[in-house]
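For reference, the chains in residue letters:
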Amino acid sequence: MTHPFLDLAPLTAARFASIEDRVARLLSTRQDVVIMQGEALLPLEGAIRATAGPGTTALNVITGPYGQTFGDWLRDCGATVIDLAVPFHTAVGAEQIRDALAEHPEIDFVSLVHAEAATGNTNPVAEIGEVVKEHGALFYLDAVASVGAEPVLPDVWGVDLCVIGAQKAMGGPAGVSAVSVSERAWTRMAANPRAPRRSYLSLLDWKERWVDGGRKALLHAPAQLEMLALEACVERIEAEGLENAMARHASAAAATRAGVAALGGGVEPYVHEAAQAAPVATTLRTPSGVVASELVARALAKDPALPLAAGGGALAGEMIRVNHYGADATPGAVRGSLTALGGALAEQGRTVDLAGALRAAEQAWDQGAAGAR
Ligand SMILES: *Cc1c(COP(=O)(O)O)cnc(C)c1O
């Protein structure tokens, strides 16, 4: 008997290229899209090491833990790094970027995370892109957590390196990822003697041996199962319609936010302004005296399938993450999360209005969908 995962025909170069083309359509981009055979950290690191070096001055925007990591990679490449950090409960503004660029005209690289699932904020990339374009710096964007949940438009926004992964709002596999690369980003890499070459981290290898060769021969055996899963997940988004998938995420965020506000019990949205809250996931702040990781453990004891997690690292004490993305961007997942969190809070002696929370969530779901269109 043939096994559905094991006895597959080889994945051809043509099939691989067609999956790249479908990902490019999802991003409405005419740039080269390279699918990397690893989790999104592979192109995130590969793109920085390819374009940054001792001559680079980078503005690194920190709105969560990923921005911190990018700064470390940039410094490791020998770049001069100017960190622009904002509190995790807000987003960065285009004006702050403009000021930083005016203060340091030598900046030739800007790194930014679009939405951070780990902190629940989202940054106004369209406005920031205008400012970066005016200045002329290379623009690097981590759109792993935003793609599928809100518009990601590298060409319109002037993004030179746009990295995506499928495991969040796209509801796909974690083992492959993609990066769209502008012409000037390729040029910058080719001119960088320290860009990885003949290396698993290398984007230039894919440029020279795959893209420039007309995408006829793959560099190595592809991650076949993940590639097929990526194709299936893009197919599913196309069938639903990208706009509808994004509306579903906007609704889930609006419903969670409204539900929590009505629930009471001292839990509040972590990101203060709704406009700065990411559609992909809603973060919550627990009141003093309630340890977030313990509350999440209680809630998950009621239903282990719920998309709830405590914040990472130091945030585990005060942050709850409602990861309402992909298959969990549904009214049921939001209702279940509110119910379990309400129950856990009540067990800790907090007064909650669960019926009110569910009502508010339902109303906000419909408004969220309307607002996203
Ligand atoms: C989730 C995410 C990634 C990918 O990291 P994983 O922990 O492997 O899922 C990268 N960047 C951002 C902003 C993310 O939210």
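Nothing here was measured: the structure is a model prediction, and the numbers come from that model.

K.L.:
With reference to specific residues and values, describe the overall build of the protein.
P.N.:
When you go through the protein residue by residue, the secondary structure sums to 13 helices and 13 strands. Taken over C-alpha atoms, the radius of gyration comes to 21 Å for the protein, in line with the 21 Å a tight globule of 373 residues would show. In terms of principal-axis extent, the alpha carbons of the protein reach across some 65 × 65 × 35 Å. Buried positions account for 54% of the 373 residues belonging to the protein.

K.L.:
Pulling in residues and values, what's your account of the sheet that holds strand β9 (residues 177-181)?
P.N.:
Reading across the sheet, the 7 strands line up as β1-β9-β8-β7-β4-β2-β3 and stay open at both edges, with mixed pairing between neighbours. Only two strands of the sheet have a single partner each, and these edge strands are β1 (32-36) and β3 (80-85). This sheet shows a mean twist of 15° between the axes of neighbouring strands, independent of strand direction. Note that strand β2 (residues 57-62) and β3 share 6 bridges and pair parallel. The partner of I62 across the bridge, within β3, is A85. Against the sheet, helix α8 (residues 203-211) touches β1 and β9, its axis set at about 115° to β1.

K.L.:
Describe the packing of aromatic side chains, naming the residues involved and giving the relevant values.
P.N.:
Summed over the entire model, instances satisfying the criterion amount to 6 aromatic pairs. Relative to W206, the ring of F16 has its centre 5.9 Å away and its plane inclined at 10°; by these criteria the two rings are stacked. Here W206 lies in helix α8 and F16 lies in helix α1 (residues 13-26), a separation of 190 residues in the sequence. Geometrically, the ring pair formed by F16 and W210 is edge-to-face, given 5.3 Å between the ring centres and 80° between the ring planes.

What counts as what
Residues numbered from 1 in each chain as written. Predicted model: local features only at pLDDT ≥ 70, side-chain atom pairs only at ≥ 80, totals over all residues. Heavy atoms only, no water. Helix = DSSP H or I, 4+ residues; strand = E, 2+ residues; numbered from the N terminus. Rg over C-alpha atoms; globule rule 2.2 N^0.38 Å. Buried < 20%, exposed > 50% of the residue type's maximum accessible area, 1.4 Å probe, protein only. Pairing = 2+ DSSP bridges. Axes fitted to C-alpha atoms, helices over the stretch in contact; angles between N-to-C directions. Contact = heavy atoms within 4.5 Å. Phe/Tyr/Trp six-rings, centres within 6.5 Å; stacked < 30°, edge-to-face > 60°.

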